[in-house]
Amino acid sequence: LSIFCLYFRLLWRGNWFIQEKSCKILALIVSTRPKNQNGGVVNSESNSKKAFTTIEDVLGGLVKWLCEQLKKPSHPARGVPTAINCLATLLKEHVVRSSFVQADGIKLLVPLISPASTQQSIQLLYETCLCVWLLSYYEPAIEYLTTSRTLPSLVDVVKSSTKEKVVRVVVLTFKNLLSKGTLAAQMIDLQLPQVVQSLKAQAWSDEDLLEGLNYLEDGLKDSIKKLSSFDVYKQEVLLGNLDWSPMHKDPIFWRDNIAHFEENDFQIIRVLITILDTGSNPRTLAVACFDLSQFIQHHPSGRLIVADLKAKERVMKLMNHENAEVTKNALLCIQRLFLGAKYASFLQA
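Attention here is on the structure that accompanies the text. (Residues numbered from 1 in each chain as written. Predicted model: local features only at pLDDT ≥ 70, side-chain atom pairs only at ≥ 80, totals over all residues. Heavy atoms only, no water.)

Examining the packing of helix α16 (residues 263-278) against helix α17 (residues 282-298)
Okay, so step 1: The geometry of α16 relative to α17 is characterised by a closest axis approach of 9 Å and an angle of 140° between their N-to-C directions. Relative to α17, α16 is oriented oblique. Here α16 runs over α17; the crossing is left-handed. Together, Phe266, Ile269, Leu272, Ile273, Ile275 and Leu276 of α16 and Thr284, Leu285, Ala288, Cys289, Asp291, Leu292 and Phe295 of α17 make up the contact between the two elements.
Okay, so step 2: Taken together, the residues that form the contact of α16 with α17 break down as eleven nonpolar, one polar and one charged. (Axes fitted to C-alpha atoms, helices over the stretch in contact; angles between N-to-C directions. Helix = DSSP H or I, 4+ residues; strand = E, 2+ residues; numbered from the N terminus. Parallel < 35°, antiparallel > 145°, perpendicular 65-115°, else oblique. Left-handed = near helix turned anticlockwise from the far one by under 90°. Contact = heavy atoms within 4.5 Å. Nonpolar A, V, L, I, M, F, W, Y, C, P; charged D, E, K, R; others polar.)

Here we look at the nonpolar core
Where a protein is soluble and globular, its nonpolar side chains tend to be buried together.
Okay, so step 1: Among the nonpolar cores identified, the biggest contains 66 residues, and Phe100 and Phe174 are the most heavily contacted of them.
Okay, so step 2: Residue contributions to this core peak at nine residues, all from helix α7 (residues 119-135). (Core = buried A, V, L, I, M, F, W, Y, C linked by side-chain atoms within 4.5 Å. Buried < 20%, exposed > 50% of the residue type's maximum accessible area, 1.4 Å probe, protein only.)

Some details on the pattern of salt bridges
It is possible for side chains bearing opposite charge to pair when their charged atoms get close.
Okay, so step 1: Inspection of every chain in the model, using the stated rule, returns ten salt bridges.
Okay, so step 2: Linking Glu211 and Lys175 is a salt bridge whose minimum nitrogen-to-oxygen distance equals 2.8 Å. Placement of Glu211 in helix α13 (residues 207-227) and of Lys175 in helix α10 (residues 164-177) is noted, with a sequence separation of 36 residues between them.
Okay, so step 3: On the basis of relative accessible area, Glu211 is assigned to the partly exposed category, the value being 38%.
Okay, so step 4: Taking the shortest distance from any N to any O, the salt bridge between Arg270 and Asp265 comes out at 2.9 Å.
Okay, so step 5: Relative accessible area serves as the criterion here: at 38%, Arg270 is assigned to the partly exposed category.
Okay, so step 6: Members of the salt-bridge network, linked through shared partners, are Asp243, Arg283 and Glu325. (Salt bridge = Lys/Arg side-chain N within 4 Å of Asp/Glu carboxyl O.)

So, the environment of Gly240
Okay, so step 1: Within the secondary structure layout, Gly240 lies in the loop between α14 (230-239) and α15 (251-257).
Okay, so step 2: On the basis of relative accessible area, Gly240 is assigned to the partly exposed category, the value being 33%.
Okay, so step 3: C-alpha of Gly240 to C-alpha of Leu285: the two residues are 45 residues apart in sequence and 9.7 Å apart in space.
Okay, so step 4: In contact with Gly240, not counting residues within four places along its chain, are Ile275 and Thr284.

Shown next as structure tokens:
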């Protein structure tokens, strides 16, 4: 413990060479120190509460120093790579994960998750992704991963990377996150199912990577099925924030759920029409127009119902919208409204 504290003090007092070596030695000590059966530290002072707290404090201070290096490195070329290299070792420790999340460290990793080309930048990218993979095992970190740009950045990396170790650690991270909260829906929105198919077509030799790709493929298929439920769709409409989630363009969803649109005096259709009046987001307006056109096409009385609810005038106004996506889907809706269900099926979105 005394040696541990000595190297810790050198982090703040030495020059860069001493800081770098002290940091790496500390990471090595933490990763190789003996554990007792309860996961605590074995030291000369036994396992007293005081000794354990002291080690926690030192680890917390080490994490603070590493985060400072990511914000404002002591060395312009070596500061960030050294910090990431040490974190890739230290984040195996529960107490380090906790300190890192509390220090808002995840947001410091996100800018480093981007496609790389040189050997040095590839290694930095790999170790950064390794840090995210380790954090994906830590439940309190999941919320941070969900609300940051971590997932889109990882998708960009895996789409462009040819380095097997980088692809493997990203795929295994997706595997860990697939069942967490809304992350499966985010992955689908980011076109990850298509990315997985593309990756499966390549010649990989790593068994963990191949197993991870198969797991992702099956898991994403199941998630798409679950997302295509009317309850999820209803919630999206009532929140008034529509996007091109899979169910909107899925003919099976409309065929199997069209009767649900009659519930509560066509509540969902009325809300969609209200969105055309009050919505300002172009994507939301485009999806609302498209969904109305789908209802007209699939419901036997869809054209009459939408006309009775005075939707025609609202949709026609959107045909002059400045956004091309809105204009296209407003035109589709009007065509189906005028032609009726008999001919609407010939029109393609």
